[in-house]
Amino acid sequence: MLKSEARKLFSKKRKEIPYQQRLKWDDLILIHFQKLPLLDIRTVLTYAAMDVEVNTDPLVDYMLFRNPMLQIAYPISDFSNGTMQAVVVSQSTSFIKSRRGILEPDPATAVAIPPESIDMVIVPLLCFDKDGYRVGYGKGFYDRYLAHARPDVIKVGLSYFDPIDKVEDRNEFDVPLNYCITPERMYEF
Ligand SMILES: Nc1nc2c(c(=O)[nH]1)N(C=O)[C@@H](CNc1ccc(C(=O)N[C@@H](CCC(=O)O)C(=O)O)cc1)CN2
Ligand SMILES: Nc1ncnc2c1ncn2[C@@H]1O[C@H](COP(=O)(O)OP(=O)(O)OP(=O)(O)O)[C@@H](O)[C@H]1O
């Protein structure tokens, strides 16, 4: 399937999920997420889910329960050049609604960190394939960001749907996932 087709199909499918179903699926995703090896993870870049995306809050709560010292970072996007910066949040961080309705930490209340300091990235996506390639919103934010991350950074995708066979129009910038978690199971690539 082509990225453009997958984007259209999975945006539609995601919007059609009933709210109660989504809550159940978020629970199942948390159960599989708990099987990930988290021992050496000190800094995680997650994302603040928009209403149709897999909710990351239960995963963050779980990771903080396991390791209260864990640093949690969120991206701040610059739509003028397609780049993102990771900022570490704390109790005193406030979130503000950016363009496109995404919640982002107020930069005045969070601390910017370099991409090399991140051990795990929870990556938003619209769909993924059996080799771990993903389709996002098509702006390349994550591929551009991951190009600067350490090669051993663990990339975890979250999806309400099973993988497609193959993203046919992969390009040289596409960074495949190490894991993708669905309500059904965890995929390791
Ligand atoms: N929660 C979340 N945060 C994120 C991303 C994401 O996918 N999800 N990003 C991943 O790159 C970056 C922001 N990039 C984005 C790129 C494009 C659009 C976009 O085109 N939005 C559509 C509406 C999408 C919809 O509701 O279906 C639009 O504005 O028309 C949004 C975010 C960083 N933060
Ligand atoms: N490291 C990079 N350097 C320069 N351009 C890049 C880089 N990564 C991606 N791009 C550009 O970004 C555009 C979007 O890529 P693609 O269609 O793979 O998006 P996507 O993976 O769906 O989006 P996203 O990463 O935002 O979720 C492509 O035109 C690609 O050329």
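Read on for a plain summary of the structure. (Residues numbered from 1 in each chain as written. Chains lettered and ligands numbered in written order. Predicted model: local features only at pLDDT ≥ 70, side-chain atom pairs only at ≥ 80, totals over all residues. Heavy atoms only, no water.)

Right, let's get into the site of ligand 2. Neighbouring ligand 2 are 17 residues, the closest being Lys3, Arg134, Gly136, Gly140 and Phe141. Within the side chain of lysine 3, one N or O atom sits 2.7 Å away from an oxygen atom of ligand 2. In isolation ligand 2 exposes 650 Å². Once the protein is present, 76% of that is buried. Placement of ligand 2 is best described as lying within the largest pocket. For the shell around ligand 2, the secondary-structure elements that each account for two or more residues are helix H1 (3–15), strand E9 (134–135) and helix H4 (141–146). Tallying contributions element by element places H4 first for the shell around ligand 2, with four residues. (Near = heavy atom within 4 Å. Polar contact = N/O pair within 3.5 Å; in protein donor to acceptor, adjacent residues only side chain to side chain. Areas by Shrake-Rupley, 256 points an atom, 1.4 Å probe, with all protein chains shown as cover. 1 Å grid on protein atoms, 1.4 Å probe; cavity = no way out; pocket = protein on both sides within 12 Å on 5 of 7 lines; lining within 4 Å. Sits in = over half its atoms within 2 Å of the grid points. Helix = DSSP H or I, 4+ residues; strand = E, 2+ residues; numbered from the N terminus.)

Okay, the site of ligand 1 next. Residues in contact with ligand 1 amount to 15 residues; listed here are only the nearest, Ala48, Glu53, Ser77, Arg100 and Tyr137. A distance of 2.8 Å is found between a nitrogen atom of ligand 1 and a backbone nitrogen or oxygen belonging to alanine 48. A distance of 2.7 Å is found between a nitrogen atom of ligand 1 and a side-chain nitrogen or oxygen belonging to glutamate 53. Its atoms largely coinciding with the cavity grid, ligand 1 occupies the largest pocket. When residues of the shell around ligand 1 are traced back to their parent elements, those giving at least two are strand E2 (71–78) and H4. The class makeup of the residues in the shell around ligand 1 is 11 nonpolar, one polar and three charged. (Nonpolar A, V, L, I, M, F, W, Y, C, P; charged D, E, K, R; others polar.)

A few words now on the pairing of E2. Judged from the three bridges that link them, strand E1 (residues 43–45) and E2 form a sheet pairing that is parallel. Its bridge partner being in E2, threonine 43 is matched across the sheet by glutamine 71. Tracing the backbone out of E1, into helix H3 (residues 57–66) and back to the parallel element E2 gives a crossover that is right-handed. Alignment of E2 against strand E3 (residues 83–88), held across six bridges, turns out to be antiparallel. Across the sheet, residue alanine 73 finds its bridge partner in E3, namely valine 88. With antiparallel pairing between neighbouring strands as the criterion, E2 and E3 make up a hairpin whose turn holds four residues, including glycine 82 at a positive phi of roughly 70°. (Pairing = 2+ DSSP bridges. Right-handed = clockwise from strand over helix to strand, strands pointing away.)

Attention shifts here to the environment of valine 167. With respect to the element layout, valine 167 can be found in the loop between strand E10 (154–158) and strand E11 (179–181). Considering only alpha carbons, one finds valine 167 and leucine 38, 129 residues apart in sequence, at a separation of 29 Å. In this structure, valine 167 is in contact with Met1, Lys3, Asp129, Tyr133 and Val135, ignoring residues within four places of it in sequence. (Contact = heavy atoms within 4.5 Å.)

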